[in-house]
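# Commentary on secondary and tertiary structure
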Amino acid sequence: MLDPQLLFAILTRTRDLIAQGYCKVWYAVDSNDQPTGVSSPDACRWCPEGAFFRACSEHQATLTYARLLRNLEKFIPAPNGGMCLSTWSDLPTTTQADVLALLSRAIVGAKP
């Protein structure tokens, strides 16, 4: 079972990173739109999975990535429910606001 406080902290940090900067296709990019590591000091924009991976790493939750990600993916709205997070985020119609709304719903659902 996942620790509800850990899940809440990871989802909140993920949302904070996406609010700071959002990208598609790459897990993270720098200020020149060049791909970089999710935890790189040069990273300034993240896709949801990249932000999620960074948040997990910051909370030493690397062994629970898959379980945590499945929890997050259940909040993808119709008609795209059932899609993986990266596929949904990379859709041309998905915006930063959509991702922030998804994360906000997930945070409410995970509140301890």
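Our structure's up above, just so we're on the same page.
The next point concerns the overall build of the protein chain. Within the protein chain, the regular secondary structure consists of five helices and two strands. Counting from the amino terminus, helix and strand elements in the protein chain follow one another as α-β-β-α-α-α-α. Taking 13 Å as the expected radius of gyration for a compact globule of 112 residues, we find that the protein chain reaches 13 Å, a close match to that expectation. Considering only C-alpha atoms, the protein chain reaches an extent of 40 × 35 × 20 Å along its principal axes. For the protein chain, the share of sequence-separated contacts (at least 6 apart) that also reach a separation of at least 24 residues comes to 55%.

Let us look at the packing of helix α1 (residues 4-20) against helix α2 (residues 48-58). A pair of packed helices can be characterised by two numbers: the angle between their axes and the separation between those axes. Contact geometry for α1 and α2: axes closest at 8 Å, N-to-C directions at 130°. One element, α1, and the other, α2, form an angle in the oblique class. Relative to α2, α1 is oriented so that their crossing is right-handed. Residues Ile-10, Arg-13, Thr-14, Leu-17 and Ile-18 of α1 touch α2, and the partners they reach there are Pro-48, Ala-51, Phe-52, Arg-54, Ala-55, Cys-56 and Glu-58. Taken together, the residues that form the contact of α1 with α2 break down as eight nonpolar, one polar and three charged.

This brings us to α1. Over its 17 residues, α1 extends 24 Å from the first C-alpha to the last, a length consistent with the 24 Å expected when each residue adds 1.5 Å. Among all positions in α1, only Leu-7, Ile-10, Leu-11, Thr-12, Thr-14, Leu-17 and Ile-18 are buried.

Okay, the nonpolar core next. Counting 29 residues, the largest nonpolar core has Trp-46, Phe-52, Leu-72 and Leu-102 as the members making the most contacts within it. Taken together, the elements giving at least two residues each to this core come down to α1, α2, α3 (65-73), α4 (85-90) and α5 (96-110). Ranked by residue count, the leading element in this core is α5, at six residues.

Let's shift gears to the environment of Ser-104. Take Ser-104: it is sitting in helix α5. Separated by 10 residues in sequence, Ser-104 and Thr-94 have C-alpha atoms that sit 15 Å apart.

Definitions and limits used
Residues numbered from 1 in each chain as written. Predicted model: local features only at pLDDT ≥ 70, side-chain atom pairs only at ≥ 80, totals over all residues. Heavy atoms only, no water. Helix = DSSP H or I, 4+ residues; strand = E, 2+ residues; numbered from the N terminus. Rg over C-alpha atoms; globule rule 2.2 N^0.38 Å. Contact = heavy atoms within 4.5 Å. Axes fitted to C-alpha atoms, helices over the stretch in contact; angles between N-to-C directions. Parallel < 35°, antiparallel > 145°, perpendicular 65-115°, else oblique. Left-handed = near helix turned anticlockwise from the far one by under 90°. Nonpolar A, V, L, I, M, F, W, Y, C, P; charged D, E, K, R; others polar. Expected span 1.5 Å × (residues − 1). Buried < 20%, exposed > 50% of the residue type's maximum accessible area, 1.4 Å probe, protein only. Core = buried A, V, L, I, M, F, W, Y, C linked by side-chain atoms within 4.5 Å.

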